[in-house]
Amino acid sequence: MIEIIGGPELRNRSYYENLYNDICQKELERIKQVTDQLSISDEELKVARKSLSKIYTEQGKKDTDITYSEVLNLCQFTNFLTGLVWKQCTQKEQKENKEIRIKEWMERDKKRDMLIQKARPPKVNCSTCGERSIPKFKHLHLDLKKPDRVIFFYECINKCYRAFYFDNGEFYKDSKSVKPFKCSKCNSFKVDEKKTKAHDGTIYFIKECLECGEIETVKI
Ligand SMILES: [Zn+2]
Ligand SMILES: [Zn+2]
């Protein structure tokens, strides 16, 4: 079994509920921001003035008594109502979509867990010495624009080369930047490493040089 780094993707339901609530909350905050900043155009002032004029006439009051602050208040009230309706529509939508969205997320994550568990490492030879490369661990490779994939981390049995490959054998473009662990004391590439996880979830490698015995900790 090749060790899986990260995951599992599928969490308990409350995780997705909280996630959904957070997203909804942010959406409502955005609506509030937008409606708070709504400016009032001359056209809107004119329309408000007209409405007030109608009310004044109906009440037998003089049209010329309408003050600017009354017109402005009416515009602000209209904006307030617009925001209120917008907020209520959004809240209704959020309530209706909740179950669908949570189900989608949970299914997606379940599929991801299956994908990583089932993925088998391709055969890879070291591009430096031609010897066999050993798959050390695998993790999910998530790219919003592409389907989910699994990536394997390889190390040459002679420890001269490290690279990432996808499960279909495709070379991962960033793998050239993966430098082999080199002993900082004697510069030997014959370094053994053990993976360890700190309390905060950070993953570390403890490197032990097979030549000189130097031990180092590397964060990944
Ligand atoms: Zn090699
Ligand atoms: Zn060394």
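A brief report on the enclosed structure follows. (Residues numbered from 1 in each chain as written. Chains lettered and ligands numbered in written order. Predicted model: local features only at pLDDT ≥ 70, side-chain atom pairs only at ≥ 80, totals over all residues. Heavy atoms only, no water.)

Time to look at the environment of cysteine 129. Inspection of the secondary structure assignment puts cysteine 129 in the loop between helix H3 (68-118) and strand E2 (133-141). For cysteine 129, the contacting residues outside a window of four places in its chain are Cys156, Asn158 and Cys160. (Helix = DSSP H or I, 4+ residues; strand = E, 2+ residues; numbered from the N terminus. Contact = heavy atoms within 4.5 Å.)

By secondary structure assignment, the location of valine 71 is in helix H3. Here valine 71 falls in the buried class, since its relative accessible area comes to 5%. C-alpha of valine 71 to C-alpha of serine 53: the two residues are 18 residues apart in sequence and 9.9 Å apart in space. Those residues in contact with valine 71 that lie beyond four places of it in its chain are Leu45, Ala48, Arg49, Leu52 and Ile66. (Buried < 20%, exposed > 50% of the residue type's maximum accessible area, 1.4 Å probe, protein only.)

Here the focus is the side chain of arginine 149. Checked against the element boundaries, arginine 149 lands in strand E3 (residues 149-156). Within the structure, arginine 149 has its side chain in polar contact with the side chain of glutamate 170 (distance 2.9 Å). With residues near it in sequence (within four places) discarded, arginine 149 still touches Leu115, His139, Leu140, His141, Phe166, Asn168 and Glu170. (Polar contact = N/O pair within 3.5 Å; in protein donor to acceptor, adjacent residues only side chain to side chain.)

Applying the stated criterion across every chain, the model contains 11 aromatic pairs. For the pair phenylalanine 153 and phenylalanine 164, a centre-to-centre distance of 5.0 Å together with 55° between the ring planes defines the contact as tilted. Taken together, the residues span a long stretch of sequence, with phenylalanine 153 in strand E3 and phenylalanine 164 in strand E4 (residues 162-166) at a distance of 11 residues. Considered together, phenylalanine 153 and phenylalanine 164 belong to a single accessibility category, that of buried residues. Taken together, the aromatic side chains of Phe137, Phe153, Phe164, Phe166, Tyr172 and Phe205 make up a single cluster linked through ring pairs. Positioned above the aromatic ring of tyrosine 15, the side-chain terminus of arginine 11 is 4.4 Å from the ring centre. (Phe/Tyr/Trp six-rings, centres within 6.5 Å; stacked < 30°, edge-to-face > 60°. Lys NZ or Arg CZ within 6 Å of the ring centre and 35° of its normal.)

A word on the nonpolar core. It is characteristic of soluble globular proteins that their nonpolar side chains tend to be buried jointly. Grouped together as the largest cluster of nonpolar side chains are 13 residues, with contacts concentrated most on Val150, Phe152, Tyr154, Tyr161 and Tyr165. Mapped by element, the contributors of at least two residues to this core are E3 and E4. At four residues, the largest contribution of residues to this core is made by E3. Residue contacts for tyrosine 154: discarding those within four places in its chain leaves Pro121, Pro122, Val124, Ser133, Ile134, Pro135, Tyr161, Arg162, Ala163 and Tyr165. Core analysis: the second largest hydrophobic core is formed by nine residues, Ile5, Ile151, Phe164 and Ile203 among them. (Core = buried A, V, L, I, M, F, W, Y, C linked by side-chain atoms within 4.5 Å.)

All we've got here are geometric facts, nothing functional implied.
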